[in-house]
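# Chains, contacts and geometry: an overview
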Amino acid sequence: QVQLVESGGGLVQPGGSLSLSCTASGRIFTFNTMGWYRQAPGKQRELVAAIFSRGATNYADSVKGRFTISRDNAKNTVALKMNSLKPEETAVYYCKMRSWLDTDYWGQGTQVTVSS
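Keep in mind the model is a prediction, meaning the values are calculated, not measured.

## Quick word on unusual backbone geometry
The backbone of Ser-84 sits at a positive phi, close to 50°, despite the residue not being glycine. What makes Ser-84 partly exposed here is its relative accessible area of 38%. Here Asp-102, not a glycine, exhibits a phi torsion of approximately 65°, which is positive. Among the structural elements, Asp-102 can be located in the loop between strand S9 (91-99) and strand S10 (104-106). The class for Asp-102 is exposed, based on a relative accessible area of 56%.

Right, here's the structure in full:
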């Protein structure tokens, strides 16, 4: 079993910054892709950012230039630095890690609320 635990969510004012972190534990594998998704109330879960094993990244257009994803392979950790947050980015943020056997593991989600 692999468990992903997220941390760092919370309440932030519009224009503020927040950092999320996700660490894998249990029967640890090395992971191919790590990423962050979010799901706002009444909306589908969407990809925010992904980072591949050698460091290449992919971002949703809406977050380019404001969010930065990073990973630490030795610690099986993925992080997301979010700047200039907007109220419409209020959502539950989930991390996902995909093993080299194409098995996806999800975290339980962490709430991010952007509000004044």
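## Some words on the packing of aromatic side chains
One pass over the structure, following the stated rule, counts three aromatic pairs. Here the aromatic rings of Tyr-94 and Trp-106 are separated by 6.5 Å at their centres, their planes lie at 80°, and the arrangement is edge-to-face. Taken together, the positions of Tyr-94 in strand S9 and Trp-106 in strand S10 put the pair twelve residues apart, joining distant regions of the chain. Linked through ring pairs, Tyr-37, Tyr-94 and Trp-106 together constitute an aromatic cluster. The ring of Tyr-94 carries the charged tip of Arg-45 above its face, separated from the ring centre by 3.7 Å. Sitting over the face of the ring of Trp-106, Arg-45 holds its NZ or CZ atom 4.7 Å from the ring centroid.

## A word on the nonpolar core
Trp-36, Val-78, Leu-80, Met-82 and Tyr-93 are the most contacted members of the largest nonpolar core, which totals 30 residues. Of all the secondary structure elements, the ones that give two or more residues to this core are strand S1 (2-7), strand S3 (18-26), strand S4 (31-39), strand S5 (46-51), strand S7 (67-72), strand S8 (77-82), S9 and strand S11 (110-114). With residues near it in sequence (within four places) discarded, Leu-80 still touches Leu-18, Ser-19, Leu-20, Trp-36, Val-48, Ala-49, Phe-67, Thr-68, Ile-69 and Tyr-93.

Criteria and thresholds
Numbering of residues starts from 1 in each chain and follows the order in which that chain's sequence is written. In keeping with the model being predicted, local features are shown solely for residues with a pLDDT of at least 70 and side-chain atom pairs are shown and tallied solely at 80 or more, while totals for entire chains, interfaces and linings include all residues. The side-chain figures draw on all heavy atoms in the structure; neither hydrogens nor water molecules are used. We call a residue buried when its accessible area falls under 20% of the maximum for its residue type, exposed when it is over 50%, and partly exposed in between, using a 1.4 Å probe and counting protein chains only. Only DSSP runs of H or I covering at least 4 residues are called helices, and only runs of E covering at least 2 are called strands; the numbering of each starts at the N terminus. Any two rings among Phe, Tyr and Trp, with Trp reduced to its six-membered ring, count as a pair given centres within 6.5 Å; such a pair is stacked if its planes are under 30 degrees apart, edge-to-face if over 60, and tilted if neither. Geometrically, a lysine NZ or arginine CZ counts as sitting over a ring once it is within 6 Å of the ring centre and also within 35 degrees of the ring normal. By nonpolar core we mean a set of buried residues, namely Ala, Val, Leu, Ile, Met, Phe, Trp, Tyr and Cys, connected to one another through side-chain atoms within 4.5 Å. The contact criterion used is simple: two residues touch if any of their non-hydrogen atoms lie within 4.5 Å.

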